[in-house]
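Coordinate analysis (summary)
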Amino acid sequence: MSSSWKSVMKLSSMTGASLAGWLAGKHYERHWSGSLGKNDGRRSFLYGTNVKSFPGLPIFGTVSAAAPIHSADEFNEMGPKLSVSESRISQIMKYGFPGLDNIRSYDDFVLSYDRRNRVAHWVFEHLTKESLKKNDQIDRSKCEFVPDTSIHPFFRSQNTDYKKSGYDRGHLAAAGNHRLHQKHIQQTFYLTNMAPQVGAGFNRSSWNRLEIYVRSLTNIYKDVYVCTGPLYLPKVESDGKKYVRYEVIGSNHVAVPTHFYKIIVGETKDLKLEMEAFVMPNAPIDDDAPLKNFQVPPESVERAAGLLFFDKLSKNKLHKINGKSIK
DNA sequence: TTTGATGT
């Protein structure tokens, strides 16, 4: 039994969710090396299609055929967001877009919004030691959670949805990752960047521990790319069938994810790449549980989320996955 | 420290 399988089994038994199929995947051992090592016939949603056929997508830089589009109706209210530095966005998105649903670009992170669940599909960040430098001018307590008016009111989450729900408004792009400018940290407080998270025992402890670990990777790698998002995982119920079951909160029915993922790529000075993937249940977690217990094969997160992470990454530069050499 | 909610 591989270590990744064992860790998933541990995770599975902790959460009661049937993670085995999705998160370990019988396919993993047979296909993972193949899909990383050579073209396995997967057609990239982004790079195998004509990007221009998607109207109104603010795609910058990484796609040569695409140019920023400034006239989409939904963006009329977002004046400041149109001035987002294109070079910064292309830097954040260096390894490609995991998916193309409702992309939003902010000054220091990029996200894709899931209108049906009122929670983002994914949030992408790029961290360096420099970008995390301590700035005493930044005051987190001055930040306010604000609805994102670039989202149609039908699909926009509101503070009232979270109020008395029992869940935290948990950051996907962590506030602590964007302390260079007050404007940057404020932008992480858009409700588009929030998901309902269990507060005690999760958001305020082990999930925070994982965020701190990601920041610490900037001491090892020149560049750290991190993608964060929710999962809605199936669970075997008493009739033996699998169901995806999750709570929705507030009048806008904001979905409460069953789990959250982080996929991280560290880039060394000599351009070697190392990848790590974590999945944690949206539930209280023992503070003493090592983060390693929550590592899963990256491909299992792709299958569960319906996304392709780091599809543009040069597979021959990828040296390690979850700390294990793949060469 | 950083992560938050709640009540006055």
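Because the structure is a prediction, the values reported are computed rather than measured. By convention here, each chain's residues receive numbers from 1 onward along its written sequence. Note on labels: chains are lettered from A, ligands numbered from 1, in written order. Side-chain atom pairs in this predicted model are given and counted only at pLDDT of 80 or more, local residue features only at pLDDT of at least 70, and totals for whole chains, interfaces and linings cover all residues. The basis for every side-chain value is the complete set of heavy atoms in the structure, and neither hydrogens nor water enter the calculation.

1. Describing the pattern of salt bridges
- Salt bridge, as used here: a side-chain nitrogen of Lys or Arg that lies within 4 Å of a carboxyl oxygen of Asp or Glu. Tallied over the entire structure, the rule returns eleven salt bridges.
- Two residues, Asp107 and Lys183, come together in a salt bridge whose shortest N-O distance is 3.1 Å. Taken together, the residues span a long stretch of sequence, with Asp107 in the loop between β1 (103-105) and β2 (110-114) and Lys183 in helix α6 (residues 182-187) at a distance of 76 residues.
- Residue exposure (1.4 Å probe, protein chains only): buried if accessible area is under 20% of the type maximum, exposed if over 50%, otherwise partly exposed. By relative accessible area, Lys183 is classed as partly exposed at 44%. Numbering of helices and strands runs from the N terminus, with a helix taken as a DSSP run of H or I at least four residues long and a strand as a DSSP run of E at least two residues long.

2. Quick look at unusual backbone geometry
- We note that Arg118 has phi near 60°; this positive angle belongs to a residue other than glycine.
- On the secondary structure map, Arg118 appears in the loop between β2 and β3 (119-127).
- In the Ramachandran plot, Asn322 falls in the positive-phi region, its phi being about 50° despite a non-glycine side chain.
- Topologically, Asn322 is positioned in the loop between β13 (318-321) and β14 (324-325).
- Taking relative accessible area as the criterion, Asn322 reaches 11% and is therefore assigned buried.

3. Digging into the environment of Gln158
- With respect to the secondary-structure elements, Gln158 resides in the loop between β3 and α5 (159-162).
- Remark: the alpha-carbon pair of Gln158 and Phe309, spanning 151 residues in sequence, is separated by 29 Å.
- What makes two residues a contact is simply this: any of their non-hydrogen atoms within 4.5 Å. Beyond its immediate chain neighbours, meaning those up to four positions away, Gln158 contacts Pro147, Leu191 and Asn252.

4. Some thoughts on the packing of aromatic side chains
- In this scheme Phe, Tyr and Trp rings, the latter by its six-membered ring, pair at centre separations within 6.5 Å, and the angle between planes marks the pair as stacked below 30 degrees, edge-to-face above 60, and tilted otherwise. Considering all chains together, one arrives at 15 aromatic pairs under this definition.
- Here Phe97 and Trp122 contribute two aromatic rings whose centre-to-centre distance is 6.1 Å and whose plane-to-plane angle is 80°, an arrangement assigned as edge-to-face. Note that Phe97 is positioned in the loop between α4 (86-92) and β1 and Trp122 in strand β3, a separation of 25 residues in sequence.
- Here Phe97 falls in the buried class, since its relative accessible area comes to 5%.
- A ring pair is formed by Phe124 and Phe310, whose centres lie 5.4 Å apart and whose planes are at 70°; its orientation type is edge-to-face. Of this pair, Phe124 sits in strand β3 while Phe310 sits in the loop between α9 (298-305) and β13; the two residues are 186 residues apart in sequence, bridging distant segments of the chain.
- Look at Phe124 and you get buried, because its relative accessible area is 0%.
- Classification of Phe310 by relative accessible area gives buried; the value is 1%.
- The rings of Tyr95, Phe97, Trp122, Phe124, Tyr225 and Phe310 are connected pair by pair, giving a single aromatic cluster.

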